[in-house]
Amino acid sequence: MLDKSYQLLDKGPIRALVLIMALVMAFCVMWDPSRFAANTSSLAIWQGILLIWSVCAGATFGLAFRPKHVVAKCLLHPIPAIIILIVGLSYFFF
């Protein structure tokens, strides 16, 4: 199941889109960190950690890194990262 979902998303345009989303999210966090900080925004600490994880997972997927171990595949799976990136970007821009 894990390999099939990777094969489904293993397309150049999808990888480029995920990489661009991850880089834009990283830029948004660096541009206005008070918007994502736990003390000055409506986000909790665990939500900030999820955003950082999604940037890392999106960048590794976008740069065509293919983990071999099952644990690494689960930890860096692109589908939850894509969902979190979309939610994070919509939080920042809307």
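These numbers were taken from a predicted model, which means no experiment stands behind them.

Right, let's talk about the side chain of Arg15 for a bit. Looking at the element boundaries, Arg15 is found in helix α2 (residues 12-31). Excluding anything up to four places from it in sequence, Arg15 contacts Leu9, Asp10, Phe61, Gly62, Ala64, Phe65 and Arg66.

Put simply, helix α1 (residues 2-9) and helix α5 (residues 78-93) touch, their axes get as near as 10 Å, and they point 55° apart. When the interaxial angle is binned, α1 and α5 end up oblique. Only Pro78, Ile79 and Ile82 of α5 make contact with α1, whose side of the interface consists of Ser5, Tyr6 and Leu9. Residues of the contact of α1 with α5, tallied by class, amount to five nonpolar, one polar and no charged.

Looking now at a nonpolar patch on the surface. Residues Ile20, Val24, Phe93 and Phe94 make up a contiguous nonpolar surface patch of about 470 Å² in total accessible area. Here Val24 shows up in helix α2. For Val24, a relative accessible area of 31% corresponds to the partly exposed category.

Throughout the structure, instances matching the rule amount to three salt bridges. Arg15 is paired through a salt bridge with Asp10; the nearest N and O atoms lie 2.7 Å apart. Residue Arg15 is classed as buried on the basis of its relative accessible area of 7%. With a relative accessible area of 31%, Asp10 lands in the partly exposed category. When the shortest N-O distance is used, the salt bridge between Arg66 and Asp10 registers 3.1 Å. Placement of Arg66 in the loop between α3 (45-62) and α4 (70-75) and of Asp10 in the loop between α1 and α2 is noted, with a sequence separation of 56 residues between them.

Definitions and limits used
Residues numbered from 1 in each chain as written. Predicted model: local features only at pLDDT ≥ 70, side-chain atom pairs only at ≥ 80, totals over all residues. Heavy atoms only, no water. Helix = DSSP H or I, 4+ residues; strand = E, 2+ residues; numbered from the N terminus. Contact = heavy atoms within 4.5 Å. Axes fitted to C-alpha atoms, helices over the stretch in contact; angles between N-to-C directions. Parallel < 35°, antiparallel > 145°, perpendicular 65-115°, else oblique. Nonpolar A, V, L, I, M, F, W, Y, C, P; charged D, E, K, R; others polar. Patch = residues over 30% accessible without salt bridge, like charges linked within 9 Å, V, L, I, M, F, W, Y side chains within 5 Å. Areas by Shrake-Rupley, 256 points an atom, 1.4 Å probe, with all protein chains shown as cover. Salt bridge = Lys/Arg side-chain N within 4 Å of Asp/Glu carboxyl O. Buried < 20%, exposed > 50% of the residue type's maximum accessible area, 1.4 Å probe, protein only.

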